[in-house]
Amino acid sequence: MLKVEETQPVEFSSALIAKCDEIVKRYPEGKQKSALLPILHEVQAELGWLSTSAMDKVAAYLDIQDIEVYEVASFYSMYFLKPQGKYVLEVCRTGPCCLVGAEKLMGHIEEKLGVKENQVTEDGLFSWRGVECLAACGYGPVLQIGPEYTFYENLNEQKVDELIEDLRKK
Amino acid sequence: MARKLLLEHINVPGINTLDVYRQKGGYRAVEKALKTLTPDEVVEEVKKSGLRGRGGAGFPTGMKWSFLAKPEGVARYLVCNADESEPGTFKDRYLMTYIPHALIEGMIVSSFALGANTSYIYVRGEMMPQIRILERAIAEAKNAGFLGKNILGSGYDLELYVQPGGGAYICGEETALLESLEGKRGNPRIKPPFPAIAGLYGCPTVVNNVESIAAVVPIINDGGDEYAKIGIGRSTGTKLISASGNLVRPGVYEIELGLPVEEFIYSDEWCGGIANGKRLKATVAGGSSVPILPANLTLKLANGEPRLMSYESLSEGGFATGSMMGSGGFIAFDEDQCIVRNTWNFSRFYHHESCGQCSPCREGTGWMEKVLHRLEYGHGKMSDIDLLVDVSKKIEGNTICPLGDAAAWPVASAIRHFRDEFEWHVNEPVKSLSTNYGLANYADPIAKAVTIEN
Ligand SMILES: Cc1cc2nc3c(=O)[nH]c(=O)nc-3n(C[C@H](O)[C@H](O)[C@H](O)COP(=O)(O)O)c2cc1C
Ligand code: SF4
Ligand code: FES
């Protein structure tokens, strides 16, 4: 499932590099560091997570220090610094969603997948975690799945079971 | 029926496309502003409208615009704050999903008013689908000549870009947002200098919420004076309210400011009452950062008059008996909800989201989370309740950015109004694990004497 191992050098596809070239154009001359967050999303979408070698490559591409990439990647919650399941189920765990059953649903997902938060199932397909408010509080419980961040609203145990089965069949 | 300025056409099929949006009168404001008004005249209309920032602080938008520094030969920027991460708030996501051109049109008119030739919409990274929607809408607008060089032959140029965040509540704070847009960690800057003087790349910058910018469209179409006629007092216009929690019909509603809170909760035109036939226990009226109020003080002011959905009425009574409009995230709690558990949940959120720059916020949010956790899980001591009040006071006002206050207020207000429930958790550690304190006397309109802190 995972396309790269921890220490393995990585290659960026030509499509990814073309995308990066396009992103950098959005900012004034010399301000290419602004492209860092969008580029990290693109890299993660292609490779599944951000390994050190992937981050170093981004630093070289943007002509900034490696540490400038590490400190950003570790600050923001969306960047994975470890390999994940192919599908990461990110369930909102914040107050309003808890009023309508988010905690119970997370318990159900844990049971259904048989792994604890942030662990990967044996087949490499799934991991799950609680995340903070996803700006959909009126439609809770909710979860999202990257890299396109497809959104699932008004969830219950049955809907989650169906979703997991659908993803298994994909 | 209440007047709708932002969501009037939300149910029209295809309103997310430029063609349908234009059929419904879209991009009239761009034509009017660029062809018949000067930038200063646009600012003047916004000033007259009385529009107040919809992102949380409620600062008058026209006034903010007039503070923008305009040194010769230096670029100016407009940055739209679409980070929407305040728990309980989901109106910006709704607007961008269903009627993206309202934001694009507002961005064009506002950028013109401020003299910005490059503008960014900073969208939280989790909203990848909305980012795609906006990118598509921008491409449509550009094709139709509303963006790019010499827009509608006016000589005005504008490029508009969407920037994804990386997942961090703090990037909703405007200076943290600018840091993030520069490709850095989201650490808020020390102010002054304010963004109006030194913002993005050190240049003069205005940061406005999605809803504020979208509201500029009807203001320009109908005139600031018309807009100011809607609403009540200094709360002019309409406001998007995100309603969540235990309501019959949670969702996004556009209200005319001044609507009675009771009507908003119980009327079938709005939220339709409390779900499952239960009774209201408490509300958080403006997103997780504002003080929580028991049901009685939600519906009525301390003097017994009805409380209204307006900036002034929601904050009437100060911290003793009032709350705040904030971002308009209206969270309703039914009689089965546990205030201690929710307060712990919010504290965990703020601890998780603290950027860590100031010790009162970094350490204090962690303490509060820990103490609330032990109260919730039956290991609390009576002295913990005052300890929480003490910690919250030491955070409040002692930090670089308002996240510290936002973390302190929910805790302080929960204890102010629901102290008996916290004490019950200490006295009944086993029972409180399996049952809830319940409604107590909170639902009776002002039956209980109003407690004034200190
Ligand atoms: C911790 C924190 C989070 C914030 N989050 C948001 C947000 O998600 N969206 C927003 O528009 N404003 C947010 N704000 C307010 C912004 O700092 C800023 O006041 C606002 O974007 C200004 O726009 P307005 O005047 O149009 O409201 C936040 C403020 C703080 C302190
Ligand atoms: S108050 Fe908290 S979030 Fe704000 S700058 Fe200080 S540590 Fe960071
Ligand atoms: S609390 Fe879950 S989406 Fe806001």
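Look a little higher up for the structure.
The rules we used
Within each chain, residues carry numbers counting from 1 in the order of the written sequence. Starting at A for chains and at 1 for ligands, labels are handed out in the order in which the entities are written. Only residues with pLDDT of 70 or above have their local features reported here, since the model is predicted, and side-chain atom pairs are shown and tallied only from 80 upward, although totals for entire chains, interfaces and linings are computed over all residues. To get the side-chain values, take all heavy atoms of the structure and skip hydrogens and water. Only DSSP runs of H or I covering at least 4 residues are called helices, and only runs of E covering at least 2 are called strands; the numbering of each starts at the N terminus. Radius of gyration here is computed from C-alpha atoms only, and the compact-globule reference equals 2.2 Å multiplied by the residue count raised to the power 0.38. Two residues form a contact once any of their heavy atoms are found within 4.5 Å. Areas reported here follow the Shrake-Rupley algorithm with a probe of radius 1.4 Å; residue values treat only the protein chains shown as occluding. Charged-residue counts in this description rest on Lys and Arg as positive and Asp and Glu as negative, His and the chain ends being excluded. Lys charges are placed at NZ, Arg charges at CZ, Asp charges at CG and Glu charges at CD. Each residue is assigned to one of three classes by its accessible area relative to the maximum for its type, calculated with a 1.4 Å probe on protein chains only: buried under 20%, partly exposed between the two thresholds, exposed over 50%. Put simply, buried Ala, Val, Leu, Ile, Met, Phe, Trp, Tyr and Cys residues joined by side-chain atoms within 4.5 Å make one nonpolar core. For helices, the axis comes from a line fit to the C-alpha atoms of the stretch in contact; other axes are also lines fit to C-alpha atoms, and the angle between any two N-to-C directions lies between 0 and 180 degrees. Angle categories: roughly parallel below 35 degrees, roughly antiparallel above 145, roughly perpendicular from 65 to 115, and oblique for all the rest. Any residue outside Ala, Val, Leu, Ile, Met, Phe, Trp, Tyr, Cys, Pro, Asp, Glu, Lys and Arg is labelled polar, Gly included; the first ten of those are nonpolar and the last four are charged. In this scheme, strands are said to pair when DSSP sees at least two bridges between them. Along the arc lie the directions from the helix axis toward the C-beta atoms. Throughout, the term near means that a residue has one or more heavy atoms lying within 4 Å of the molecule or strand in question. Summed over both partners, the accessible area lost on bringing two parts together, with a 1.4 Å probe, is the buried area. Salt bridge, as used here, is a side-chain nitrogen of Lys or Arg placed within 4 Å of a carboxyl oxygen of Asp or Glu. Polar contacts, as used here, are pairs of N or O atoms within 3.5 Å; protein pairs need one atom able to donate a hydrogen and one able to accept it. Residues neighboring in sequence count only if both atoms are side-chain atoms.

> Sorry, what's going on with the overall build of chain B here?
Scanning chain B for helices and strands turns up 19 helices and 13 strands. In terms of overall size, chain B behaves like a compact globule, its C-alpha atoms giving a radius of gyration of 22 Å where 454 residues would be expected to give roughly 22 Å. Considering only C-alpha atoms, chain B reaches an extent of 75 × 45 × 35 Å along its principal axes. Relative to all contacts within chain B whose residues are 6 or more apart in sequence, the contacts with residues 24 or more apart total 71%. Counting every atom, chain B has about 16,000 Å² of accessible surface; 52% of that belongs to carbon and sulfur. Chain B carries 46 positive and 53 negative side-chain charges, and their two centres are separated by 2 Å.

> Which parts of the structure should I look at to understand the overall build of chain A?
A tally of helices and strands in chain A yields seven helices and four strands. Reading chain A from its N terminus to its C terminus gives the helix and strand order α-α-α-α-β-α-α-β-β-β-α. Its C-alpha atoms give chain A principal-axis dimensions of about 50 × 35 × 25 Å. Considering chain A as a whole, with its 170 residues, one finds that 52% of them fall into the buried category.

> Any chance you could explain the nonpolar core here in plain terms?
Soluble, globular proteins show a tendency: their nonpolar side chains are buried together. Membership of the largest hydrophobic core comes to 80 residues, with the highest contact counts inside it found for Tyr27, Leu103, Ile104, Ile121 and Val123 of chain B. No other element matches helix H6 (residues 100-114) of chain B, which puts nine residues into this core. Contact partners of valine 123 of chain B, with chain neighbours within four places excluded, come to Ala82, Met96, Ile131, Leu134, Val162, Gln163, Pro164 and Gly165 of chain B. Counting 78 residues, the second-largest nonpolar core is a separate cluster that includes Leu47 and Val69 of chain A together with Val391 and Phe418 of chain B.

> What exactly am I supposed to notice about the packing of helix H3 (residues 39-49) of chain B against helix H9 (residues 210-222) of chain B here?
Residue and element names in this part refer to chain B. Running from N to C, H3 and H9 cross one another at 100°; their axes reach a closest spacing of 10 Å. Taken together, the axes of H3 and H9 lie roughly perpendicular to each other. Each of Val42, Glu45, Val46 and Ser49 in H3 lies in contact with H9, whose residues at this interface are Val216, Ile219 and Ile220. When the residues that make up the contact of H3 with H9 are grouped by side-chain class, the tally is five nonpolar, one polar and one charged.

> What am I meant to see in unusual backbone geometry here?
Glycine aside, the phi torsion of most residues is negative, and most peptide linkages are trans. The amide bond that connects lysine 191 of chain B to the next residue, proline 192 of chain B, takes the cis arrangement and shows omega of -10°. Following the sequence through the fold, proline 192 of chain B ends up in the loop between helix H8 (174-181) and strand E4 (205-209). Omega for the bond connecting proline 192 of chain B with proline 193 of chain B falls within 30 degrees of zero, at 0°, which places this linkage in the cis form. Within the element layout of this structure, proline 193 of chain B appears in the loop between H8 and E4. Look at tyrosine 149 of chain A: it is not a glycine, yet its phi comes out positive at around 55°. Even without being glycine, asparagine 150 of chain B reaches a positive phi, approximately 50°. Mapping asparagine 150 of chain B onto the fold places it in the loop between helix H7 (128-143) and strand E3 (159-164).

> I keep staring at the sheet that holds strand E1 (residues 87-92) of chain A and nothing clicks. Help me out?
Adjacent strands of a sheet pair through backbone hydrogen bonds, lying either parallel or antiparallel. Residues and elements named next belong to chain A. As summarised here, the arrangement of the four strands in space is E2-E1-E3-E4, forming an open sheet in which the pairing is mixed. Only two strands of the sheet have a single neighbouring strand rather than two, namely strand E2 (126-131) and strand E4 (150-152). Each strand axis lies, on average, 25° off the axis of its neighbour in the sheet, ignoring direction. Here E1 runs beside E2; their pairing, made up of six bridges, is parallel. Across the sheet, tyrosine 87 pairs through a bridge with phenylalanine 126, a residue of E2.

> What is the right way to read H3 of chain B from this model?
Structural remark: α-helix, 3.6 residues per turn; residues separated by three or four positions point the same way. Residues and elements named next belong to chain B. Of the residues making up H3, those classed as buried are Val42, Val43, Glu45, Val46 and Ser49. End-on view of H3: buried residues confined to an arc of 155°, all on one side of the axis. Elements that come into contact with the buried residues of H3 comprise helix H2 (28-36), helix H4 (61-66), H6, H9, helix H10 (224-229) and strand E6 (235-236). Positive backbone phi, at 75°, marks glycine 50, one or two positions downstream of H3.

> Help me understand the site of ligand 2, please; the structure alone is not making it clear to me.
Close to ligand 2 lie 13 residues; Cys355, Cys358, Cys361, Thr399 and Cys401 of chain B are nearest. Its residues placed into classes, the shell around ligand 2 shows eight nonpolar, five polar and no charged.

> What am I meant to see in the sheet that holds strand E11 (residues 292-294) of chain B here?
Residues and elements named next belong to chain B. The sheet built from five strands is open, its strands ordered E8-E7-E13-E10-E11 with mixed pairing. Two strands bound the open sheet, and with one partner strand each, they are strand E8 (251-256) and E11. Shown here is a sheet whose adjacent strand axes are inclined to one another by a mean of 30°, direction ignored. As defined by bridge partners, strand E10 (residues 280-284) adjoins strand E13 (residues 329-334) across four bridges and the pair is classed as antiparallel. Bridge assignment links leucine 280 to a residue of E13, and that residue is aspartate 334. The sheet contacts of helix H5 (residues 91-98) involve strand E7 (238-245) and E8, and relative to E7 the element is tilted by about 110°.

> What am I meant to see in the interface of chain B and chain A here?
Often the size quoted for an interface is simply the accessible area lost on bringing the parts together. On the side of chain A, 40 residues touch chain B, which itself brings 60 residues to the contact. Carbon and sulfur atoms supply 55% of the area that chain B and chain A bury against each other, a total of about 3,800 Å² over both sides. Two residues, arginine 132 of chain B and glutamate 148 of chain A, come together in a salt bridge whose shortest N-O distance is 3.5 Å. On the surface where chain B and chain A come into contact, there are 21 residue pairs in polar contact (both at pLDDT 80 or more). The element that contributes the greatest number of residues to the side of chain B that touches chain A is helix H15 (residues 339-353) of chain B, accounting for nine residues. Classifying every residue of the side of chain B that touches chain A by side-chain character gives 27 nonpolar, 20 polar and 13 charged.

> Explain the site of ligand 1 here, please?
Residues and elements named next belong to chain B. Near ligand 1 you find 18 residues, and of these Gly55, Asn81, Asn208, Asn209 and Ser212 are the closest. Lysine 64 places a polar side-chain atom, nitrogen or oxygen, 3.1 Å from an oxygen atom of ligand 1. Interatomic distance of 3.2 Å between a backbone N/O atom of glycine 172 and a nitrogen atom of ligand 1. Taking 610 Å² as the accessible area of ligand 1 by itself, protein coverage stands at 90%. Sorting elements by how many residues they give to the shell around ligand 1 places E4 first, with three residues.

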